[in-house]
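Now for the letters of each chain:
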Amino acid sequence: MIGFKDALGTVLLAGLACAIAAPPATAQATKHSAVQAPKPPVPDRKPHRLILQVNTNDPAMMNLALNNATNVAQYYQDLGEKVEIEVVTFGPGLHMLRDDTSPVKARISTIALSTPAISFKACGNTQGNMSKAENKEIALIPEATVVKSGVVRVMELQEKGWTYVKP
């Protein structure tokens, strides 16, 4: 029967023999390849998606929403990550996108040209109700896209995992 010391000695001698028998180039290549192992690819991240709701006819609130949109877009652009931002207007907030009453239409025009990740949605229900109440066609700024219902648009985007913020 072999004792513990004898077994340990045999294992150590076998390991030493393998180390001595291995050519130095192989040992060096193994060490070198471990240093230069390629980094695993970074998985594509889902784009960040943000809804900003505007439902008041308040220029300060409209500017706050635009500040939020541009700050978020710039943040993720600096990180090299994708972002989608929708500014959804309804109720009195539709004034933000009305051609005749928007206090921020020049700013929206500039943002739309420089930051395509930001889009502007106008509630069709509100536009129709304002047309009836004012007895005239309600024209929107060119950057606006009409959706049937602003509230439904917010709901549907949230159901798809978008983040909701009301400035």
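Structure: see above.
What counts, and where the lines are drawn
- Residues numbered from 1 in each chain as written.
- Predicted model: local features only at pLDDT ≥ 70, side-chain atom pairs only at ≥ 80, totals over all residues.
- Heavy atoms only, no water.
- Axes fitted to C-alpha atoms, helices over the stretch in contact; angles between N-to-C directions.
- Helix = DSSP H or I, 4+ residues; strand = E, 2+ residues; numbered from the N terminus.
- Parallel < 35°, antiparallel > 145°, perpendicular 65-115°, else oblique.
- Contact = heavy atoms within 4.5 Å.
- Nonpolar A, V, L, I, M, F, W, Y, C, P; charged D, E, K, R; others polar.
- Salt bridge = Lys/Arg side-chain N within 4 Å of Asp/Glu carboxyl O.
- Buried < 20%, exposed > 50% of the residue type's maximum accessible area, 1.4 Å probe, protein only.

*Asks:* Lay out the packing of helix 3 (residues 59–79) against helix 4 (residues 105–114) with the relevant residues and their values.
*Replies:* Running from N to C, helix 3 and helix 4 cross one another at 10°; their axes reach a closest spacing of 11 Å. The orientation of helix 3 with respect to helix 4, classified from their angle, is roughly parallel. Contacts between helix 3 and helix 4 pair Asn63, Leu66, Asn67 and Thr70 from the former with Arg107, Ile108 and Ile111 from the latter. Grouping the amino acids of the contact of helix 3 with helix 4 by side-chain chemistry returns three nonpolar, three polar and one charged.

*Asks:* Tell me about the pattern of salt bridges, residues and numbers included.
*Replies:* On inspection of all chains with the given rule, the structure shows eight salt bridges. Arginine 98 is paired through a salt bridge with aspartate 100; the nearest N and O atoms lie 2.8 Å apart. Between lysine 136 and glutamate 134 there is a salt bridge whose closest N-O contact spans 3.9 Å. Exposure remark for glutamate 134: the relative accessible area of 34% places this residue in the partly exposed category. Among the charged side chains, a network of salt bridges with common partners joins Arg98, Asp100, Glu134 and Lys136.

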